[in-house]
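# Notes for the structure review
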Amino acid sequence: MLNERDTVVAEHDFESVRGSIDATGLENAVSTMSDVGAVGHRVVHGGRRFPDSVRIDAGVVRYLRTITDLAPLHLPASLTAISEMGRLLPGTPAIACFDTAFHSTMPAAASTYAIPKAWRTRFGIRRYGFHGFSHAYAARRTAELLDRPEANLRVVTCHLGAGASLAAVMGGRSVDTTMGFTPLEGLVMATRSGTVDPGMALWVQKHARLTGAKVMDTLDRRSGLLALAGTGDMREVLKAARSGDEDARLAFDVYVHRLRSLIAGMAAAMGGADAIAFTGGVGENAPAVRAAAVAGLRFLGVEIDRTLNRKVAKGTDADISRAGSTVRTVVIRAREDVEVAREVRRILSASR
């Protein structure tokens, strides 16, 4: 729970297992909060109907139920939370804030797949992008940290966690990102493959006689670092790699190779970059990942100070750039809660 100054005044974390939540725990948590003026729900996907945050009503919920297959790990949990909070706080305004909304500003060249028009128009297939709140906050906070106007800043934001994506944020607006129609595209992640040749997936489906659901589950939940190193936890991958584990070393190298190439791609989408921002669990807490990523980006003017990189205090924002570096490198604490709160205020103000 945040107050009007974006200060956390109450906080409770809940695990969601296949769309279910601890209803009793949620009720107990809400009972400790006073003067709740509105509820903001971070919802991973707005589909083609909602390119912006929206006040929740029965129609919004009905539509979200029709698109759960676009984000089967996340949308069911969001719908459960919306239902439970509506029961616990009846009459309190509730806003659905979509992770995809931030990327609705991408130009057609970045959001369009080269597939038949019939697919694009009938099914609304396009590159939506995700982690919008994290990218929005990281870009805005980078401008503050560097004391630069956000309107004139080109930032490659790197949200690196269990799920991971990059965004090209120019003047505070997303102009490209690495995730697409679903969160499966782009970087190598904890359990997701990231971008793979679709022909390969179809070939395996045919020759291994797999269902489409099985292929999707494998790429979404049984690939990525988990498939290469036996664990999706980057801390464990790094530990094993340092101990000489060849699978872990390969996993790290594959992860960094994709990360470097896509950071360069995001910079190209903006005609260059002024800053690179690392955020998320891995981005904030894995100096080795940051160092390896930027080591291959010196041609862009990116260099970091090794000491500053190693000594970033947990939960803080820091500029880790080497003196004289033309592209700044920063570490930003993820604050998606702040962005959701900003969206709730904006939507409620607009409806008055």
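The paragraphs below set out a description of the structure included in this document. Keep in mind the model is a prediction, meaning the values are calculated, not measured.

Rules used throughout
- Residues numbered from 1 in each chain as written.
- Predicted model: local features only at pLDDT ≥ 70, side-chain atom pairs only at ≥ 80, totals over all residues.
- Heavy atoms only, no water.
- Helix = DSSP H or I, 4+ residues; strand = E, 2+ residues; numbered from the N terminus.
- Rg over C-alpha atoms; globule rule 2.2 N^0.38 Å.
- Buried < 20%, exposed > 50% of the residue type's maximum accessible area, 1.4 Å probe, protein only.
- Contact = heavy atoms within 4.5 Å.
- Areas by Shrake-Rupley, 256 points an atom, 1.4 Å probe, with all protein chains shown as cover.
- Lys, Arg positive; Asp, Glu negative; His and termini not counted.
- Charge placed at Lys NZ, Arg CZ, Asp CG, Glu CD.
- 1 Å grid on protein atoms, 1.4 Å probe; cavity = no way out; pocket = protein on both sides within 12 Å on 5 of 7 lines; lining within 4 Å.
- Points joined across faces, edges and corners; volume = space filled by probe spheres on them.
- Nonpolar A, V, L, I, M, F, W, Y, C, P; charged D, E, K, R; others polar.
- Pairing = 2+ DSSP bridges.

## As for the overall build of the protein
Per the secondary structure count, the protein includes 15 helices and nine strands. Computed over C-alpha atoms, the radius of gyration of the protein comes to 20 Å, within 12% of the 20 Å expected from 2.2 N^0.38 for 352 residues, which places it in the range of a compact globule. By the burial criterion, 47% of the 352 residues in the protein qualify as buried. Counting only contacts in the protein whose residues sit at least 6 apart along the sequence, the fraction spanning at least 24 positions is 68%. Of the roughly 17,400 Å² of accessible surface on the protein, a fraction of 52% belongs to carbon and sulfur atoms. Of the charged side chains in the protein, 45 are positive and 37 negative, and the gap between their average positions amounts to 5 Å.

## Focus on the layout of surface pockets
The volume enclosed by the second largest pocket comes to roughly 1,200 Å³. When residues of the lining of the second largest pocket are traced back to their parent elements, those giving at least two are strand S6 (173-177), helix H7 (198-207), helix H8 (212-221) and helix H11 (246-269). Its residues assigned to classes, the lining of the second largest pocket shows 16 nonpolar, nine polar and five charged.

## Considering the sheet that holds strand S2 (residues 54-55)
Sheet strands pair by backbone hydrogen bonding; their relative direction is either parallel or antiparallel. If you walk across this open sheet you meet the three strands as S1-S3-S2, and the pairing is mixed. If you trace the sheet from one side to the other, it starts and ends with strand S1 (39-43) and S2, each paired once. Bridging between S1 and strand S3 (residues 94-98) involves five bridges; their strand directions are parallel. Paired with Arg 42 across the two strands is Cys 97, which belongs to S3.

## Brief notes about empty space enclosed by the protein
According to the stated counting rule, one finds one cavity of 30 Å³ or more in the structure shown. Its boundaries defined by the atoms lining it, the largest cavity holds a volume of some 60 Å³. What lines the largest cavity is simply Leu 70, Ala 71, Pro 72, Leu 73, His 74, Thr 182, Pro 183, Leu 184, Arg 192, Met 216 and Asp 220. A class-by-class count of the residues in the lining of the largest cavity yields seven nonpolar, two polar and two charged.

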